[in-house]
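Read off the chains here:
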Amino acid sequence: MSHKDFMKEAIRLATDGMRNGIGGPFGAVVVKDEKIIGRGNNRVASSNDPTAHAEVVAIRDACKHLGHFQLDDCVLYTSCEPCPMCLGAIYWARPEKVFYACTKADATAIDFDDDFIYKEMELPLAERKIPAVQLMRDEGLEAFKEWKEKEDKIVY
């Protein structure tokens with residue numbers, strides 16, 4: 001299969017999910033060794049899960065298939081340039097490459113606008129629409145200290 005074939009599958013998942021009322025028009029696949037090992041379409045509305053974006057669903061599916069939390073030697077194909085949340089998930093999963101069809105400007109044109117999140121990230125924590133307030137840092141650092149000293153941890 002070619003890059004175009006894998007992207008066609010991501011776009012098909014986007015279209016099918018949208019038409020079946022599962023979620024917005026977004027789809028993604030994860031490929032390893034020229035085989036699709038993870039599929040996802042947007043399921044935010046149908047699952048009542050704001051994190052159920054196509055890329056996240058595909059990453060979860062692929063990681064379950066692999067039995068591992070990283071996508072070594074994998075490629076992600078997504079029907080749209082990833083939002084900030086999905087981009088973060090992609091970087092944590094560490095595929096070797098991402099291909100996308102539509103741009104974030106294309107998504108904005110149909111009322112999916114992630115630009116406000118990028119703008120919020122640039123603001124000081126206290127000035128964001130949803131303020132972040134630090135609380136009990138010393139107590140929280142105890143878990144970090146224990147992690148640092150833990151000899152049998154799985155580093156990621």
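Keep in mind that this is a model prediction, so the values were computed, not measured. (Residues numbered from 1 in each chain as written. Predicted model: local features only at pLDDT ≥ 70, side-chain atom pairs only at ≥ 80, totals over all residues. Heavy atoms only, no water.)

A. Fine view of the packing of aromatic side chains. Evaluation of the coordinates by the stated rule reveals five aromatic pairs. Ring geometry for Phe-69 versus Tyr-156: centroids 5.8 Å apart, planes at 70 degrees, classification edge-to-face. Taken together, the residues Phe-69 in the loop between helix 3 (54-66) and strand 3 (74-80) and Tyr-156 in the segment after helix 7 (137-149) connect sequence positions 87 residues apart. Judged by its relative accessible area of 38%, Phe-69 is partly exposed. Aromatic pair Tyr-77 and Phe-99: ring centres 5.0 Å apart, planes at 10 degrees, arrangement stacked. On the criterion of sequence distance, the pair formed by Tyr-77 in strand 3 and Phe-99 in strand 4 (residues 97-102) is long-range, its members being 22 residues apart. A residue is classified by how much of its surface remains accessible, and Phe-99, at 24% relative accessible area, is partly exposed. Among the aromatic side chains, those forming a connected cluster through ring pairs are Phe-6, Tyr-77 and Phe-99. A cation over an aromatic ring shows up here: Lys-104 above the ring of Tyr-118, its NZ or CZ 4.5 Å from the ring centre. (Phe/Tyr/Trp six-rings, centres within 6.5 Å; stacked < 30°, edge-to-face > 60°. Helix = DSSP H or I, 4+ residues; strand = E, 2+ residues; numbered from the N terminus. Buried < 20%, exposed > 50% of the residue type's maximum accessible area, 1.4 Å probe, protein only. Lys NZ or Arg CZ within 6 Å of the ring centre and 35° of its normal.)

B. The arrangement of the state of the cysteines in detail. Evaluated as defined, the whole model comprises zero disulfides. Considering cysteine sulfurs only, Cys-63 is the nearest to Cys-74, which forms no disulfide, with 8.0 Å between them. Relative accessible area serves as the criterion here: at 0%, Cys-74 is assigned to the buried category. Left unpaired, Cys-102 is separated from the closest cysteine sulfur, that of Cys-80, by 5.5 Å. Assessed through its relative accessible area of 36%, Cys-102 is described here as partly exposed. (Disulfide = S-S within 2.5 Å.)

C. Spatial organisation of the side chain of Gln-70. As for its position among the elements, Gln-70 is in the loop between helix 3 and strand 3. Look at Gln-70 and you get buried, because its relative accessible area is 14%. Not counting residues up to four positions away in its chain, the partners in contact with Gln-70 are Cys-63, Trp-92, Ala-93, Arg-94 and Tyr-156. (Contact = heavy atoms within 4.5 Å.)

D. Examining the side chain of Ser-79 more closely. Tracing the chain through its elements places Ser-79 in strand 3. The exposure class assigned to Ser-79 is buried, which follows from its relative accessible area of 6%. Among residues more than four places away in sequence, those in contact with Ser-79 are Met-7, Ala-10, Ile-11, Ala-14, Pro-25, Phe-26, Gly-27, Ala-101 and Cys-102.

E. Inspection of helix 3 at higher detail. The end-to-end C-alpha distance of helix 3, which contains 13 residues, comes to 18 Å, matching closely the 18 Å that a straight helix rising 1.5 Å per residue would cover. Buried within helix 3 we find Ala-54, Glu-55, Val-56, Val-57, Ala-58, Ile-59, Ala-62 and Cys-63. In this structure, the buried residues of helix 3 make contact with strand 1 (27-32), strand 2 (35-41), strand 3 and helix 4 (84-93). One or two residues past the end of helix 3 sits Gly-67, with phi positive at roughly 70 degrees. (Expected span 1.5 Å × (residues − 1).)

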